[in-house]
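Structure at a glance
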Amino acid sequence: MPHSFSELSLIYVSFSMLALYAPAVLCALGLAFFLYRRHTRLERRQQKHQRIRHAITDKGLDKRKRMALAAQRRNIRELAKLVHGQLKQHERALTPYQNQRTSAFVERSVITVDFDRLYALHSLLAASDATQVSPAVETFFEHTR
Amino acid sequence: MSLPENIGKFVSRLINTVKSESADWQKAHQPDLDRLKEEKRVAELELRQRLELMEIRFSEECKRTRLEEERQTENFSEFLASIDEMKANMLEYYGTMPKPIALMIHHHAAELLKEAWHNPDARERLQKQTRFTSLMLTITEDLTELGRDGGPKALPEKTIAFIQNKLE
């Protein structure tokens, strides 16, 4: 009995799909198995142990860094307080924009622990009188931009 | 006979052939297979033993690492506390010293301490450790001189010179 076209095509298409995709799937599985078995069980355990040890040391290092940062922030906050006092003193000599900009700069310095520039600003404000302070602050921001 | 029946027969014949071939091969190589099985069992036992020993060693190492990290963190926190204390002492003993100078010395010491502990380069780390120790010694020297000479000094001159020398 002759087979219909639809019957034959169903068989041939299924087989051709299998012939095309099966090797690809097998290759992928083989590669995954090879990569997994490339290292022995002992090596894999050793690697896991190294990862755990690194995680412990990283955690310790992170903790120490955070402690140092907290100590530095406490210190720079004291300087920021002094600068805020100076700003209050010179409030009338500075424009509102300069006041706002300087306050923002102080806050940013505390966050980024930029001690040197905050110290420079403090020295500048300490050395300037009411007439000099506005151009001095302007020059300071021009240089630190 | 239809095409699917042909394919079915071919597949069943193929399976039967493979099965009988495999049975023959197993029969012929039975002693070798038994020996291999035994070797595998012994190897598995050995592996399990080695893994158990490894586990014990690793857990000991992890415990040691954890303790070492705790010790380092404790030391680091002591150093940080000593820097804070140094700042307080300076402000107390140098009554006329401007506070920003004490803050600057504190900042410098903290930066050095960070470098001395966290620099990835071992040589740099050693250099910074030496420098940090020298800075702390200079500060102590300044404070000791203050107590010994009795004469009031406005600033910790040696410490400032030490820091400026670095900055230049």
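None of these values were measured; they are calculated from a predicted model. (Residues numbered from 1 in each chain as written. Chains lettered and ligands numbered in written order. Predicted model: local features only at pLDDT ≥ 70, side-chain atom pairs only at ≥ 80, totals over all residues.)

From N to C terminus, chain B includes five helices and zero strands. Computed over C-alpha atoms, the radius of gyration of chain B comes to 38 Å, more than 25% over the 15 Å expected from 2.2 N^0.38 for 168 residues, which places it beyond the range of a compact globule. Here the C-alpha coordinates of chain B stretch approximately 120 × 45 × 25 Å along the principal axes. Among the 168 residues that make up chain B, the fraction classed as buried is 17%. (Helix = DSSP H or I, 4+ residues; strand = E, 2+ residues; numbered from the N terminus. Rg over C-alpha atoms; globule rule 2.2 N^0.38 Å. Buried ≥ 20, exposed ≤ 12 C-beta atoms within 10 Å, placed from the backbone.)

Let us now look at the confidence of the model for chain B. On average, residues of chain B carry a pLDDT of 90, and 95% of them reach 70 or more. Here the predicted complex scores 0.74 on pTM and 0.75 on ipTM. (pLDDT = per-residue confidence, 0-100.)

Next up on the list: the packing of helix H2 (residues 41–89) of chain A against helix H3 (residues 99–118) of chain B. Look at H2 of chain A against H3 of chain B: their axes get within 10 Å of each other, and the N-to-C directions meet at 165°. Relative to H3 of chain B, H2 of chain A is oriented roughly antiparallel. Crossing angle aside, the handedness with which H2 of chain A passes H3 of chain B is left-handed. In this structure, H2 of chain A uses Leu61, Arg64, Lys65, Ala68, Ala71, Gln72, Asn75, Glu78, Leu79 and Leu82 of chain A to contact H3 of chain B, whose residues at the interface are Lys99, Pro100, Leu103, His106, His107, Ala110, Leu113, Lys114, Trp117 and His118 of chain B. Its residues placed into classes, the contact of H2 of chain A with H3 of chain B shows ten nonpolar, five polar and five charged. (Axes fitted to C-alpha atoms, helices over the stretch in contact; angles between N-to-C directions. Parallel < 35°, antiparallel > 145°, perpendicular 65-115°, else oblique. Left-handed = near helix turned anticlockwise from the far one by under 90°. Contact = placed C-beta atoms within 7 Å. Nonpolar A, V, L, I, M, F, W, Y, C, P; charged D, E, K, R; others polar.)

Bringing the nonpolar core into the picture now. In this structure, Val83 and Leu118 of chain A together with Ile83, Ala109 and Leu113 of chain B are the most contacted members of the largest nonpolar core, which totals 34 residues. Of all the secondary structure elements, the ones that give two or more residues to this core are H2, helix H4 (115–127) and helix H5 (133–144) of chain A together with helix H2 (30–93), H3, helix H4 (122–149) and helix H5 (157–167) of chain B. In terms of residues, this core owes the most to one element, H3 of chain B, which gives nine residues. Leaving out residues up to four positions away in the same chain, Leu118 of chain A has contacts with Ile76, Leu79, Ala80, Val83, Val106 and Ser109 of chain A. (Core = buried A, V, L, I, M, F, W, Y, C linked by C-beta atoms within 7 Å.)

This paragraph deals with unusual backbone geometry. Residues and elements named next belong to chain A. Phi angles above zero are rare outside glycine, and Val113 is one such case at about 50°. Tracing the chain through its elements places Val113 in the loop between helix H3 (96–112) and H4. For Val113, a count of 17 C-beta atoms within 10 Å corresponds to the partly exposed category.

In this section: the interface of chain B and chain A. Interfaces are frequently sized by the accessible area removed from exposure as the parts join. Each partner contributes to the interface: chain B provides 28 residues, whereas chain A provides 25 residues. Examining the composition of the side of chain B that touches chain A, we find that 16 residues originate from one element, H2 of chain B, more than from any other. Across the side of chain B that touches chain A, the residue classes break down as 14 nonpolar, seven polar and seven charged.

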